[in-house]
Amino acid sequence: MGKLELIYEETLECPICHNKTLLVTDYIYDSGITGKLLLSSSSCSTCGYKVASESPVEVNEEKIIEIKVNNEDDLGTLVYRSGFAMIRIPELGLEDFPGGSSPGEITTIEGILERLIENLKDFGDVSKLEQAMRGDIKFTIIIEDPYGLSFAIKKNITQS
Ligand SMILES: [Zn+2]
């Protein structure tokens, strides 16, 4: 018999309709045979947007995800950033370290930029970030996850 453990549950803003009706849940599923899996799902009760994924938990290999952002569409790429992942944007000289005990979050590249602007605006110039958020400049976003839990999903891949 498998074991299912809820590790994260939160209602967040939906990346599609922007209502705060996106229920995000993460479960650890232990089948006892194949090792533990992280099951993540998000569903929006307003627009019906749904996405789900699973990834192995007991993989300790570092994973580096590189996403080239060339246009506004790429900004909508869904990203699961685990609580351990560091984010770098070399073109903007930016590094965002994981917040220690913070849980993972499902967001979009736009959401990551928004968060960075929020965190950095009191300390310096964020005009480059704002340009990036409008899709005015091309950049690369690099997610470095020492536990290999983070992943990215292109916006047009959804499951129902
Ligand atoms: Zn929605």
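Residues numbered from 1 in each chain as written. Predicted model: local features only at pLDDT ≥ 70, side-chain atom pairs only at ≥ 80, totals over all residues.

Requested: an account of the nonpolar core, with residues and values cited.
Ranked by size, the top nonpolar core spans 24 residues in total, and within it Val79, Ile109, Ile112, Leu113 and Ile141 carry the most contacts. Only strand 2 (22–30), strand 6 (78–81), strand 7 (86–89), helix 1 (109–120), helix 2 (127–133) and strand 10 (139–145) provide two or more residues apiece to this core. Here this core spans two domains, and each of domain 1 (1–58) and domain 2 (59–160) adds at least three residues to it. (Core = buried A, V, L, I, M, F, W, Y, C linked by C-beta atoms within 7 Å. Buried ≥ 20, exposed ≤ 12 C-beta atoms within 10 Å, placed from the backbone. Helix = DSSP H or I, 4+ residues; strand = E, 2+ residues; numbered from the N terminus. Domains from an automatic or database assignment.)

Describe the environment of Ile7, naming the residues involved and giving the relevant values.
As for its placement among the helices and strands, Ile7 is situated in strand 1 (residues 3–12). C-beta crowding within 10 Å serves as the criterion here: with 14 such atoms nearby, Ile7 is assigned to the partly exposed category. The sequence separation of Ile7 and Asp26 amounts to 19 residues, and the corresponding C-alpha distance is 5.7 Å. If near-sequence neighbours (up to four positions away) are discounted, Ile7 is found in contact with Asp26, Tyr27 and Ile28. (Contact = placed C-beta atoms within 7 Å.)

Can you explain the sheet that holds strand 11 (residues 151–153)? Please cite residues and give values.
The strand order across the open sheet built from three strands is 9-6-11, with neighbouring strands paired in antiparallel fashion. Each of the sheet's edge strands pairs with one partner strand only, and the pair in question is strand 9 (105–108) and strand 11. Here the strands of the sheet are splayed against their neighbours by 25° on average, with no regard to which way each runs. Of the pairings in the sheet, the one linking strand 6 to strand 9 comprises four bridges and is antiparallel in character. (Pairing = 2+ DSSP bridges. Axes fitted to C-alpha atoms, helices over the stretch in contact; angles between N-to-C directions.)

Hey, could you go over the pairing of strand 4 (residues 50–56) for me, with residue numbers and the actual values?
As judged from the seven bridges shared by strand 3 (residues 36–44) and strand 4, these two strands associate in the antiparallel manner. Residue Leu38 lies in a different strand from strand 4, and its bridge partner there is Ser55. Following strand 3, the chain reverses through five residues before pairing antiparallel with strand 4; Gly48 in that reversal takes a positive phi of roughly 85°.

Quick one: what's the story with the sheet that holds strand 4, residue by residue and with numbers?
Sheet strands associate in pairs through backbone hydrogen bonding, adopting either a parallel or an antiparallel arrangement. Read across the open sheet, the four strands follow the order 1-2-3-4; overall the sheet is antiparallel. The open sheet has two edge strands with one neighbour each: strand 1 and strand 4. For this sheet the average axis-to-axis angle between neighbouring strands, irrespective of direction, equals 15°. Where strand 1 and strand 2 come together, nine bridges link them in antiparallel fashion. For Thr11, the partnering residue across the bridge sits in strand 2 and is Leu23.

Please provide a residue-by-residue account of unusual backbone geometry, values included.
Located in the positive-phi region is His18, a residue other than glycine, with phi close to 65°. For His18, the position within the fold is in the loop between strand 1 and strand 2.

Describe the environment of Tyr27, with residues and values.
Secondary-structure assignment places Tyr27 in strand 2. Residue Tyr27 is classed as partly exposed on the basis of its 18 C-beta neighbours within 10 Å. Each C-alpha atom, one on Tyr27 and one on Leu38, is 5.8 Å from the other, the two residues being eleven residues apart in sequence. With sequence-adjacent residues up to four places away left out, Tyr27 is seen in contact with Leu4, Glu5, Leu6, Ile7 and Leu39.

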